[in-house]
Amino acid sequence: MVKKFASRIGTIEISGIRKAFEASSGEFFNLGLGEPDFDTAEHIKIAAVHAIDSGFTSYTLNKGIEELREAISAKFKRDNNFSVSPEEIIVTSGASEALHIAILSVVEKGDEVLMPNPGFVSFAPLTKLAEGKPVGVPLSDDFTISEEAVKEKITDKTKALIINSPANPTGAVESEENIKALVDIANDRHITIISDEVYEHLIYDGLKHISPARFSDEVITVNAVSKTYAMTGFRLGYVAACDEYVEQMLKIHQYIQACASSISQKAALAAITGPQECVAEMRSEFKRRRDFAVEALRDMGMEFRIPKGAFYIFPRLRDEKEFVETLRKRKIIVTPGSAFGSLGKNHVRISYATSFENLKRAFEIMKEVVW
Ligand SMILES: Cc1ncc(COP(=O)(O)O)c(C=O)c1O
């Protein structure tokens, strides 16, 4: 039978990161992945095992268990300096689902969504699945999003602006001043901000993460325990916004997901309310690797910006394809910059979420092939 698929599927492709991931089985130094290489902390694993042992294995409330939403609400107050009630939070299956329901709830056919170019691989496809139009905002030289660049792209059809600080794939961190300026423009033009904050705790050099929701109600905040607590496989995220947004997002969440995993919810509760040393340890190891990567790339004479957050570095090259292929032949995987949007071309994303030893060896090899 000839298969007839919905035309909207034809508008998206398998992500460039997945392609790198699939090509990387075997003896590779994988600098292509976007997840911490650390083990989940013991007390979090114990909470998950306990959930199973005690039979906490059924559906939960669609929004997620109350204790977890209370903990997330307290976390927003503690870490992000804004108030949302537990009722204004939906626990999701990773930040991926949170982004999906946020975009589906506000974007309709023909709506334009502003997003960083280069930016995280899911922003544009999720917009297209909602039949909206992704509009890339070119980044400044330091990879931040400027007020002017956003203004230039706003039209009568602009519905949402996606902010992602610290950013994937560049590691850029937005300043408080800039976040305020972006919130002001969005408010003036009745544009909803979707703020993806999954790397909020991976920030270096004394900089602070600033949530746009501190300054406005017209913000949907997306986050997850995935990166902060090395819990990517638990698939546990959350979304917070004022009542009106939550009411609409909940309808979608209810039908596409029902609820996040009950076991992962208990694990996330232990993560958010338990000791936070594991986060500080991971951050300090990532900083050590960031510093090492910066020195190594400097030695090679590469052109790049020092990343201030996340675990990526995004150097610029003459020819991205040739570089990626040459490295692949030497068993090193990096992600081509164009996987992150047209303006990512002739860059590569190097992830330092791999052991220090792997990183050292990979950079030694890289040094041999850099021309
Ligand atoms: C910016 C950004 N947002 C969202 C996600 C997805 O996170 P999760 O694994 O919680 O779905 C990622 C994962 O790489 C990411 O880099």
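Preceding block: the structure.
Residues numbered from 1 in each chain as written. Predicted model: local features only at pLDDT ≥ 70, side-chain atom pairs only at ≥ 80, totals over all residues. Heavy atoms only, no water.

Novice: Please set out the site of the ligand residue by residue, giving values where relevant.
Specialist: The immediate surroundings of the ligand are formed by 13 residues, with Ser96, Asp196, Tyr199, Ser226 and Lys227 found nearest. Note that an oxygen atom of the ligand is positioned 2.6 Å from one of the side-chain N or O atoms of Ser96. Within the complex, the protein chains bury 92% of what would otherwise be the 400 Å² of accessible surface of the ligand. Top element by residues in the shell around the ligand is helix α4 (residues 94–106). It accounts for three residues. (Near = heavy atom within 4 Å. Polar contact = N/O pair within 3.5 Å; in protein donor to acceptor, adjacent residues only side chain to side chain. Areas by Shrake-Rupley, 256 points an atom, 1.4 Å probe, with all protein chains shown as cover. Helix = DSSP H or I, 4+ residues; strand = E, 2+ residues; numbered from the N terminus.)

Novice: Pulling in residues and values, what's your account of the packing of helix α10 (residues 277–299) against helix α12 (residues 356–369)?
Specialist: At a closest axis distance of 11 Å, the pairing of α10 and α12 adopts a crossing angle of 10 degrees. When the axes of α10 and α12 are compared, the pair comes out roughly parallel. Residues Glu285, Arg288, Arg289, Phe292, Ala293, Ala296, Leu297 and Asp299 of α10 pack against Phe356, Leu359, Lys360, Phe363, Met366 and Lys367 of α12. (Axes fitted to C-alpha atoms, helices over the stretch in contact; angles between N-to-C directions. Parallel < 35°, antiparallel > 145°, perpendicular 65-115°, else oblique. Contact = heavy atoms within 4.5 Å.)

Novice: Can you break down helix α2 (residues 42–53) residue by residue, with the values?
Specialist: In a regular helix each residue adds 1.5 Å, so twelve residues correspond to 16 Å; α2 covers 16 Å between its end C-alpha atoms and thus fits that length. Taken together, the buried positions of α2 are occupied by Ile44, Ala47, Ala48 and Ala51. In a view along the axis of α2, the buried residues occupy a sector of 95 degrees, so they form one face of it. Opposite the packed face of α2, turned more than 90 degrees from it, sit the exposed residues Glu42, Ile46, His50 and Asp53. (Expected span 1.5 Å × (residues − 1). Buried < 20%, exposed > 50% of the residue type's maximum accessible area, 1.4 Å probe, protein only. Arc of directions from axis to C-beta.)

Novice: Any chance you could break down the environment of Ala48 for me, citing the residues and the numbers?
Specialist: Position of Ala48 relative to the elements: it lies in helix α2. Distance in space between the C-alpha atoms of Ala48 and Ala224 is 16 Å, their sequence separation being 176 residues. With near-sequence residues (within four places) excluded, Ala48 lies in contact with Phe234, Ile263 and Ala267.

Novice: Kindly report on unusual backbone geometry, identifying the contributing residues and their values.
Specialist: With an omega of 5 degrees, the peptide bond running from Asn117 to Pro118 counts as cis. As for its position among the elements, Pro118 is in the loop between β3 (112–117) and α5 (123–129). Cis geometry marks the peptide bond from Asn168 to Pro169; its omega dihedral reads 15 degrees. Inspection of the secondary structure puts Pro169 in the loop between β5 (158–164) and α7 (176–188). One non-glycine residue with positive phi stands out, namely Asn81, at about 65 degrees. You can call Asn81 partly exposed: its relative accessible area is 49%. One non-glycine residue, His190, lies in the positive phi region at around 55 degrees. Within the fold, His190 resides in the loop between α7 and β6 (192–196).

Fair warning: the whole summary comes from geometry, so function is off the table for now.
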